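# Coordinate inspection notes
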Amino acid sequence: MHKPKFSLPPLDPAASPKTLICAAEVQVLTASLPLADPLALGRALLPALRLQNRHPRRLPERFEMLLAQMPPALRMLDALRRSIRAYNLGGSQRKARETHDLAERLVQELGYGFKRLIAETLLAGKPARTAHPERDAAAVYWALQCTALELMLGYADYRPESPAAWRECIELYVLARRLGLSKIPVKDPLETHSEPLHPGVVFRRILLLAILDPYCMRRGEVWAAYDCLGAWAGRVKAGAFTIPTYSTGHFIIDIRGDKKPEAYDPERIPADAKQYLMLNVTPLNATVNEFAKAADDPEARLPACLRHLPRREARQLLQKMLVAWHISPTRKHPRANKADWFFSTCGITAVHRQLSQALGDAWPPAEEEDDDDEFEYDHETLVEIDRSFSNASAAAADHHSFRCRQFNISATGMGLVLSSEQFPQINVGQLILLEPEQAPGGKSHKIGIIKRLLRREDDSIEAGIRLLTGRCVPVLIEVSSEMDDPIRQPALLLERSSRPPQLFTPHLIYRPQRHFYLIQCDNSPILAHAGRLIETTCCYDRFDFTMDEEAS
């Protein structure tokens, strides 16, 4: 019988005298934690967890110790989620980044603790059933919860998901099913809805979220979906593979792999049915359809998990759920294998500089960045990989140039393989400029948007690129500020033959109906008015605009 293998840190050769080895000592620690300061809370809690997870001997009260440390750790995670909106509106970037990294390490260490507990108890022998089903179900529940949160933090930060985390989520659920623990209720004081909780609900919740393609969601939207699915995941059915009457709304899960669920295809029935589980989302699709109709009615009442969202955003989220779980759109443009090498440049500032050099345009100097940790108008993005950008620094643009290999192409996009060393420099939602290695700096370049990042088995990164149709031109945006001098920021103008042009700008530039000046090459500034916001990612805002040449 297959025995799960969890990724756990190596044990220390000798016990540290600083290790807390009983529940009473942990309770003293948690009672003294600075709950009002998330960063200080995380810094105080993390060292204790690290020592416990690496202690060379078995800790008899490990379960009680971990339960005592869960509430303050997840309290910090809630503080991180609340800070996401402030982060987008110009809060301290360094503090938000540090809070995110610390929360991720805390969740990972908590997951290590519960997985080590499972290894010491449920996997120590070959039990057909457990002696303490409620405690063991809770251990599997929290191990699943922490592993799912590890994936969630990656989704929220637009980083490639961990294949190890996916594999362990599946193995924890399969273990719970084998031992009869998957439906045993568990008390979770952090969940506010009234739906029953058990390991199966946590597993279905992260499966449903993965099918939603979280990398294509707006910043913070993935947490809104996570909250909804906490109340709705119990309505979804997951069980042994069977051939359904209707294929719509059904997904299959490979229990021996590390891949997300795939839509069921009646023409590709698996040969070994025991290796797969079936996820039936049809009961939830009917409910979401009713919620979507209610969102269209201004007088209708939305479900509790959506009431904190503006009605328009709630309706968009429900529509995404229906498309992903029920409609299951198929590809309009098939892929074709094609190998080629490209020089790539990522980010608005870097792409702007590269295009300017290729076109031979002379640009007025952009504003210098200062080292203020707080809000800056001329920051390109609000995520770690782009904080090093400086509008006047060629080194910053060069830092985002790298070589990559194309492995397939379609009418609207292409697939690239990147070295794992490029992982800290790229992000889903970034603009990318691709120049053929055989003809760099010419007119044969392509510009696209990174829509997907996956880590491959050889530790390289596979990127899915959606190509832009039209011609991208480097421009400068000049906006007024509270200071005496206006601010100039690099941007990209997308010209399309039969449609209105669009602008790609860093965050904090776009405001509805905002007046700004558009400067193209050495032309005179043209007064423009921001129009409809078309798309926003973690790296840019994309919107249409109108120009008033007479007023310029």
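Residues numbered from 1 in each chain as written. Predicted model: local features only at pLDDT ≥ 70, side-chain atom pairs only at ≥ 80, totals over all residues. Heavy atoms only, no water.

### Points about the overall build of the protein chain
Check the secondary structure of the protein chain and you find 12 helices and 16 strands. Partitioning the intrachain contacts of the protein chain with sequence separation of at least 6 by distance along the chain shows that 69% fall at a separation of at least 24. For the protein chain, the computed accessible surface area is about 25800 Å², with 51% contributed by carbon and sulfur atoms. (Helix = DSSP H or I, 4+ residues; strand = E, 2+ residues; numbered from the N terminus. Contact = heavy atoms within 4.5 Å. Areas by Shrake-Rupley, 256 points an atom, 1.4 Å probe, with all protein chains shown as cover.)

### A word on the nonpolar core
I118, Y155, L209, W232, L306, M321 and W325 are the most contacted members of the largest nonpolar core, which has 141 residues in total. Examining the composition of this core, we find that 16 residues originate from one element, helix α5 (residues 133–156), more than from any other. Setting aside residues no more than four positions away along its own chain, I118 makes contact with F6, L123, A139, V140, A143, L172 and L175. One finds A491, L493, I509 and F516 within the second-largest nonpolar core, a separate group that totals 16 residues. (Core = buried A, V, L, I, M, F, W, Y, C linked by side-chain atoms within 4.5 Å. Buried < 20%, exposed > 50% of the residue type's maximum accessible area, 1.4 Å probe, protein only.)

### What to know about the sheet that holds strand β7 (residues 413–418)
On the basis of which strands lie adjacent, the closed barrel formed by six strands has the order β5-β6-β7-β10-β9-β8 and antiparallel pairing. Mean inter-strand twist for the sheet, computed between neighbouring axes without regard to direction, equals 45°. Sheet analysis places strand β6 (residues 401–409) next to β7, joined by four bridges and oriented antiparallel. Considered in β7, the bridge of N408 is made with G415. Contacts from helix α11 (residues 348–359) reach β5 (336–346), β8 (431–436) and β9 (446–455) within the one sheet, and its direction differs from that of β8 by about 35°. (Pairing = 2+ DSSP bridges. Axes fitted to C-alpha atoms, helices over the stretch in contact; angles between N-to-C directions.)

### Let's talk about the packing of helix α6 (residues 163–178) against helix α7 (residues 199–211)
Helices that pack against each other are described as a pair by the angle of their axes relative to one another and the distance between those axes. Contact geometry of α6 with α7 gives a least axis separation of 10 Å together with a crossing angle of 145°. In this structure, α6 crosses over α7, and the sense of that crossing is left-handed. Together, W166, C169, I170, Y173 and A176 of α6 and P199, G200, F203, I206, L207 and A210 of α7 make up the contact between the two elements. Of the residues contributing to the contact of α6 with α7, the split by class is 10 nonpolar, one polar and no charged. (Left-handed = near helix turned anticlockwise from the far one by under 90°. Nonpolar A, V, L, I, M, F, W, Y, C, P; charged D, E, K, R; others polar.)

### A few points about the sheet that holds strand β15 (residues 526–536)
The six strands are arranged β11-β12-β13-β16-β15-β14 in a closed barrel whose pairing can be described as antiparallel. Each strand of the sheet is rotated relative to its neighbour by a mean of 45°, with strand direction disregarded. Strand direction decides the pairing type here: strand β12 (residues 487–495) and strand β13 (residues 502–505), joined by three bridges, are antiparallel. Note that in β13 the partner of L493 across the bridge is L503.

### Side note on the packing of aromatic side chains
Tallying each qualifying case throughout the model produces eight aromatic pairs. Note on Y510 and F543: the rings are 4.8 Å apart at their centroids and 40° apart in plane angle, and the pair reads as tilted. In this pair, Y510 is assigned in the loop between β13 and β14 (515–520) and F543 in strand β16 (residues 541–548), connecting sequence segments 33 residues apart. A single burial state applies to Y510 and to F543, both of which are buried. When the ring centre of Y226 is taken as origin, the NZ or CZ atom of R205, which lies over that ring, is 3.6 Å away. Its end group placed over the ring of W341, R403 keeps NZ or CZ at 3.9 Å from the ring centre. (Phe/Tyr/Trp six-rings, centres within 6.5 Å; stacked < 30°, edge-to-face > 60°. Lys NZ or Arg CZ within 6 Å of the ring centre and 35° of its normal.)

### Describing the pairing of β7
When a strand is regular, its side chains alternate between the sheet's two faces. Burial of β7 is extensive: six of the six residues sit out of reach of the surface. Side chains of β7 alternate between two faces, with G413, G415 and V417 and M414, L416 and L418 buried alike. The hairpin formed by β6 and β7 contains three residues between the paired strands. Bridging between β7 and strand β10 (residues 461–467) involves six bridges; their strand directions are antiparallel. When the bridges of β10 are listed, L416 appears paired with A463.

### Describing helix α8 (residues 221–232)
With 12 residues, α8 ought to run about 16 Å at 1.5 Å a step, and its terminal C-alpha atoms sit 17 Å apart, in line with that. Taking burial as the measure, the 12 residues of α8 include 11 buried ones, the bulk of the element. Listed in full, the buried residues belonging to α8 are E221, V222, W223, A224, A225, Y226, C228, L229, G230, A231 and W232. (Expected span 1.5 Å × (residues − 1).)

### Concerning the environment of L123
Assignment of secondary structure puts L123 in the loop between α4 (93–121) and α5. As for L123 and K3, which are separated by 120 residues in sequence, their C-alpha atoms are 7.5 Å apart.

### Things to note about the side chain of N53
Within the fold, N53 resides in helix α2 (residues 38–53). Look past the residues within four positions of N53 in its chain and what remains in contact with it is P9, L11, R62, E109, Y112, G113 and R116.

### Side note on α5
When the terminal C-alpha atoms of α5 are compared, their 34 Å separation across 24 residues agrees well with the 34 Å that a helix rising 1.5 Å per residue should span. In the stretch just after α5, Y158 is the one whose phi turns positive, near 60°.

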